[in-house]
Amino acid sequence: RRGAWAAVAALALIPAVAQAGFYFGKSREATAKDLLFPSPLLEAEWLGRWLGEHAPAGRPIWVFGSEPQLYVYSGRRCATRHDFVYPLTMFPTDVEPLLAELAALRAANPSYVVYANQRMSALVGSTLGMMFRNSVREWLDTDYRLVGYVPVGRDPAPVALTPEKRADWRIPNRLYVFVRKP
């Protein structure tokens, strides 16, 4: 029995040994980019810290996308019960939950909103999902000001917020940061 476990452990380690340079020869950041790009792991870590420094304590934030780690890294709570938007954008079957979410967002008045313009972060799979996405964009245009965006790229270089006046929804791989208008 002990020999079987040793054989399983040895087999499990073969990929790591065979690709030791890939897993152990690069920085944590480079390995993360190689394995998971375009997932904004490093960018979300940096942006979460930024939000923690800029968003008022006790005030919620909201993320349009599937980057709930921003709530953890920032130490801020989600403005609504949806910390992922997939239920609202993929295949909603009724407009009422979408309208309820929009009303909850307006009532919660989040200090910051991050809009993940990532193809896999906010999959829109229906006409109702598109309506919700477009309603969120209209809400942002009305009640929020764009601070800038964090580019999501292959390069594991340090992350920074790039100032911007208007979101260009055609450009993917950006985490847009909006602040509530006074």
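Our structure's up above, just so we're on the same page.
A brief structural summary.

Quick notes on the overall build of the chain
- Counting its secondary structure elements, the chain contains eight helices and five strands.
- Burial status across the chain gives 41% buried among its 182 residues.
- Within the chain, counting contacts between residues at least 6 apart in sequence, those at least 24 apart form 66% of the total.
- Of the roughly 10,200 Å² of accessible surface on the chain, 59% is carried by carbon and sulfur atoms.
- Looking at the chain, you have 22 positive and 16 negative side-chain charges, and the mean spots of the two groups are 2 Å apart.

Side note on the layout of surface pockets
- By volume, the largest pocket amounts to about 160 Å³.
- As for the largest pocket, its lining consists of Leu140, Asp141, Tyr144, Arg145, Leu146, Lys165, Arg166, Ala167, Trp169 and Phe178.
- Elements with a minimum of two residues in the lining of the largest pocket: helix H8 (127-143) and strand E3 (144-151).
- The residue makeup of the lining of the largest pocket, split by class, is six nonpolar, no polar and four charged.

Points about the pattern of salt bridges
- All told, the structure shown has four salt bridges when counted by the stated rule.
- Glutamate 45 serves as the salt-bridge partner of arginine 49, at 4.0 Å between the closest nitrogen and oxygen. You can see arginine 49 and its partner glutamate 45 sitting in helix H4 (residues 41-54), four residues apart, about one turn around the helix.
- Using a relative accessible area of 44% as the deciding quantity, one classes arginine 49 as partly exposed.
- Salt-bridge contacts for arginine 170 lead to aspartate 168; the nearest nitrogen and oxygen are separated by 2.9 Å.
- Relative accessible area serves as the criterion here: at 71%, arginine 170 is assigned to the exposed category.

Considerations on the sheet that holds strand E5 (residues 174-180)
- If you walk across this open sheet you meet the five strands as E1-E2-E5-E3-E4, and the pairing is mixed. Edge positions in the sheet fall to strand E1 (61-64) and strand E4 (162-163), since each has one partner strand and no second.
- Both E3 and E4 contribute to a ladder of two bridges, which runs antiparallel. Counted as the bridge partner of tyrosine 149 is threonine 162 from E4.

Side note on the nonpolar core
- Leu47, Trp62, Val136 and Phe178 are the most contacted members of the largest nonpolar core, which has 40 residues in total.
- Ignoring sequence-local partners within four residues, the contact set of valine 136 consists of Trp62, Phe64, Leu102 and Tyr115.

So, how was this worked out
Residues numbered from 1 in each chain as written. Predicted model: local features only at pLDDT ≥ 70, side-chain atom pairs only at ≥ 80, totals over all residues. Heavy atoms only, no water. Helix = DSSP H or I, 4+ residues; strand = E, 2+ residues; numbered from the N terminus. Buried < 20%, exposed > 50% of the residue type's maximum accessible area, 1.4 Å probe, protein only. Contact = heavy atoms within 4.5 Å. Areas by Shrake-Rupley, 256 points an atom, 1.4 Å probe, with all protein chains shown as cover. Lys, Arg positive; Asp, Glu negative; His and termini not counted. Charge placed at Lys NZ, Arg CZ, Asp CG, Glu CD. 1 Å grid on protein atoms, 1.4 Å probe; cavity = no way out; pocket = protein on both sides within 12 Å on 5 of 7 lines; lining within 4 Å. Points joined across faces, edges and corners; volume = space filled by probe spheres on them. Nonpolar A, V, L, I, M, F, W, Y, C, P; charged D, E, K, R; others polar. Salt bridge = Lys/Arg side-chain N within 4 Å of Asp/Glu carboxyl O. Pairing = 2+ DSSP bridges. Core = buried A, V, L, I, M, F, W, Y, C linked by side-chain atoms within 4.5 Å.

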